[in-house]
Amino acid sequence: MSPAHRNAEQSLTHLAQRVDSLNTAVELGEGRVDADSMDHVQKILERTSRRRELSAEHTVIGFFGATGSGKSSLFNAVIGQKVAQSAARRPTTSKAQAAVWGREGSEELLDWLDVENRVYFDDDGENAAQSLNRAEVPQTDGMWNRMKKMMGRANLQTHSGGLILLDLPDFDSIEKSNRAIVERMAGYVDVLVWVFDPQKYADAVIHDEFITPLAEHGAVTMAVLNQADRIRESEIPGVLDSLQRLLAEDGLSNNLLAPPVAVSAKTGDGIDRLRAVLGKVAVEKSAALARIEADLDSAVATLNEFDGNGIPDGITGTGIRELEHGLYQASNAPAVVSAAAASYQLHAVSNTGWIATRWLLKFRKDPLKRLNLHRENQESSISRSSLPPLSAGQKSQISSSIRRFSHDCAEGVGEPWSHSIRDAARSQEQNLPTALERAVGRVDYQAQKKQWWWILLNIIQWIGIIGALAGLLWLTAMAAAGYFQLQLPPPPVIEGTIFPLPTLLVITGLLLGIVTAVIGRVIAAAGKRMYARKIERQIRFNIEEVSEHYVVEPVRSELDRHQAFGEALANAR
């Protein structure tokens, strides 16, 4: 493979990679980049894609100019034939006129350009010319051959290719359809030749409305000062310098296709030099690629305005913790934890309290039962009415937590991405109340689940009450026997005490029950705090999942999208 061919292959590969990256950036920027800018970029991609499919052998060069610039006359002079109409009447050109060298592969390209008027300068050029209002029949050794010969024999041996010159309507035409043709062609041709005249070369219309928007296309842009015969020869360099300064102000850098050239279609001065430049572009066949590259540069520049101009701070551990805490406080979780702890204490006291007074606790309502959270397997039985709906204040607190979190994440990046990051954080805000309710409701509270120490203290309570009842029955029996004058042996007395055994049983049983109940309350209070922390951890864990799914993940996705957008733009550059 020759070096030239290898370079061409590398250029095409590079171009394909740029197009793919730009397409990726467009997809990622959807909904972030404003509609007009996105439409502009998508049109560029569509044109680029279509131009790559058409003949790469042909270079399309368009002649653009204002009324009276002598554009059509210059077009004819460059060709060496009278193909375009030129006259004092304005505007003369109402449709694009094509002069074509190399018919093969050109027709589909011209169809895409929507150019009907065509003259072919090759073997069948005579027939084509006759079909165009009796245009002069070109000679075999015409302008194209002369252009290629100017490049030298070596170039002729290594280069081939076709050329399409377009004479376009005046860009300042009073006919709207003519201006539309010019605007469209300015976006389609491979090389833009702006034709100026000495009197109107500073016209704001051509500079502000045409050249400035195409500032990235300097590599495929050329300025021609026509009608140089109308000014003194000594004035030409000054006018060209002035024109070049104007082009620089338009944004065209020094990488123009060629420096501005002065010509005269009337006298022929400078025409050969112009032909040489255009011939060089055509035989090298690089203009189409350069135009596509310039279009891609323009598209990238457009999208660059929407890259946010910075790097967001992103998601931090502190930010996540503050968000989760805010959602926890804004939900019904604190009240539920308090209710669960009270329910736990109620059941603990009910199982360890003094048996003689336990029945009084039955009149106390279970706090979890009021919330419909007293059942096991809450995930399958939780209903929407289990918890009271969040108040307006709680919902406002949720919004504030999300707003603080998204603001911190978006810090450091500008619009539109800071806005899209904040929107991502709020994208599922309306679903958060229900999600938080379920996060609280699906905890298996198990407030009624018996603990080992409940069972132990309960056994001691029953031992005490049984002992007290036994002693009480014994004393009752002794009192009844004395009433009926029955002689019973005296009750034994435990050594070291002054109380008979029945009395001791009653006293010991009652004291045992009371002391055990007090111990149970102390342990229940400590257990209540431990149980509350356990429930709080479970609820917080569930709220972390809600926070991750409904807030953090959408923000992370948007941050990743912004990063991928920036990377795609960087690759597209």
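Here the structure is a predicted model, which means the values were calculated and not measured.

## Comments concerning helix H4 (residues 106-113)
Residues lying three or four places apart along an α-helix face the same way, a consequence of the helix completing one turn every 3.6 residues.
Right, so step 1: Of the residues making up H4, those classed as buried are Ser106, Leu109, Leu110, Trp112 and Leu113. The buried residues of H4 all sit within an arc of 155° when viewed along its axis, so they share a single face.
Right, so step 2: Of the surrounding elements, those touching the buried residues of H4 are helix H2 (35-53), strand S1 (58-65), strand S2 (97-101), strand S3 (117-120), strand S4 (162-167) and helix H8 (176-186).
Right, so step 3: One or two steps after H4, the chain reaches Asp114, where phi turns positive at roughly 65°.

## Looking at the pattern of salt bridges
Between side chains of opposite charge, a pair can form as their charged atoms come close.
Right, so step 1: Summed over the entire model, instances satisfying the criterion amount to 22 salt bridges.
Right, so step 2: Across the pair Asp190 and Arg51 runs a salt bridge, and its minimum N-O distance is 2.8 Å. Taken together, the positions of Asp190 in the loop between H8 and strand S5 (191-196) and Arg51 in helix H2 put the pair 139 residues apart, joining distant regions of the chain.
Right, so step 3: When its relative accessible area of 1% is taken as the criterion, Asp190 is described as buried.
Right, so step 4: You can call Arg51 buried: its relative accessible area is 6%.
Right, so step 5: Among the ionic pairs, Arg426 bridges to Asp423, the shortest N-O distance being 2.8 Å. Separated by three residues within a single helix, Arg426 and Asp423 lie in helix H18 (residues 417-426), roughly one turn from each other.
Right, so step 6: Its relative accessible area of 33% is what places Asp423 among the partly exposed residues.
Right, so step 7: Salt bridges sharing common partners tie together Arg18, Glu293 and Asp297.

## Remarks on a positive patch on the surface
Right, so step 1: A cluster of basic residues, Lys449, Arg529, Arg533, Lys534 and Arg537, forms a positive patch on the protein surface.
Right, so step 2: Tracing the backbone through its elements, the reader meets Lys449 in the loop between helix H19 (432-441) and helix H20 (452-483).
Right, so step 3: Assessed through its relative accessible area of 49%, Lys449 is described here as partly exposed.

## Let's talk about the nonpolar core
Right, so step 1: Residues Leu22, Leu303, Tyr445 and Ile539 are the most contacted members of the largest nonpolar core, which totals 73 residues.
Right, so step 2: The element contributing the most residues to this core is helix H21 (residues 501-572), with 16 residues.
Right, so step 3: Ranked by size, the runner-up nonpolar core spans 44 residues in total, among them Leu109, Leu225, Ile236 and Ala262.

## Focus: the packing of aromatic side chains
Right, so step 1: Summed over the entire model, instances satisfying the criterion amount to ten aromatic pairs.
Right, so step 2: Judged by centre distance (6.2 Å) and plane angle (90°), the rings of Trp453 and Trp454 are edge-to-face. Comparing Trp453 with Trp454, the two get one shared label, buried.
Right, so step 3: By the ring-pair criterion, three or more aromatic residues cluster together here, those being Tyr344, Trp453, Trp454 and Tyr531.
Right, so step 4: Taking the ring centre of Tyr120 as reference, the NZ or CZ of Arg103 above it sits at 4.0 Å.

## So, the packing of H18 against H21
Relative orientation and spacing of two packed helices are given, respectively, by the angle between their axes and the distance between those axes.
Right, so step 1: Two elements in contact, H18 and H21, have axes whose closest approach is 7 Å; the angle formed by their N-to-C orientations is 155°. Comparing the axis directions of H18 and H21 gives the class roughly antiparallel. Relative to H21, H18 is oriented so that their crossing is right-handed. Across the interface between the two elements, Trp417, Ser420, Ile421, Ala424 and Ala425 of H18 pack against Tyr550, Val551, Pro554, Val555, Glu558, Leu559, Arg561, His562 and Phe565 of H21.
Right, so step 2: Counted by class, the contact of H18 with H21 contains ten nonpolar, two polar and two charged residues.

Calculation rules
Residues numbered from 1 in each chain as written. Predicted model: local features only at pLDDT ≥ 70, side-chain atom pairs only at ≥ 80, totals over all residues. Heavy atoms only, no water. Buried < 20%, exposed > 50% of the residue type's maximum accessible area, 1.4 Å probe, protein only. Helix = DSSP H or I, 4+ residues; strand = E, 2+ residues; numbered from the N terminus. Arc of directions from axis to C-beta. Contact = heavy atoms within 4.5 Å. Salt bridge = Lys/Arg side-chain N within 4 Å of Asp/Glu carboxyl O. Patch = residues over 30% accessible without salt bridge, like charges linked within 9 Å, V, L, I, M, F, W, Y side chains within 5 Å. Areas by Shrake-Rupley, 256 points an atom, 1.4 Å probe, with all protein chains shown as cover. Lys, Arg positive; Asp, Glu negative; His and termini not counted. Charge placed at Lys NZ, Arg CZ, Asp CG, Glu CD. Core = buried A, V, L, I, M, F, W, Y, C linked by side-chain atoms within 4.5 Å. Phe/Tyr/Trp six-rings, centres within 6.5 Å; stacked < 30°, edge-to-face > 60°. Lys NZ or Arg CZ within 6 Å of the ring centre and 35° of its normal. Axes fitted to C-alpha atoms, helices over the stretch in contact; angles between N-to-C directions. Parallel < 35°, antiparallel > 145°, perpendicular 65-115°, else oblique. Left-handed = near helix turned anticlockwise from the far one by under 90°. Nonpolar A, V, L, I, M, F, W, Y, C, P; charged D, E, K, R; others polar.

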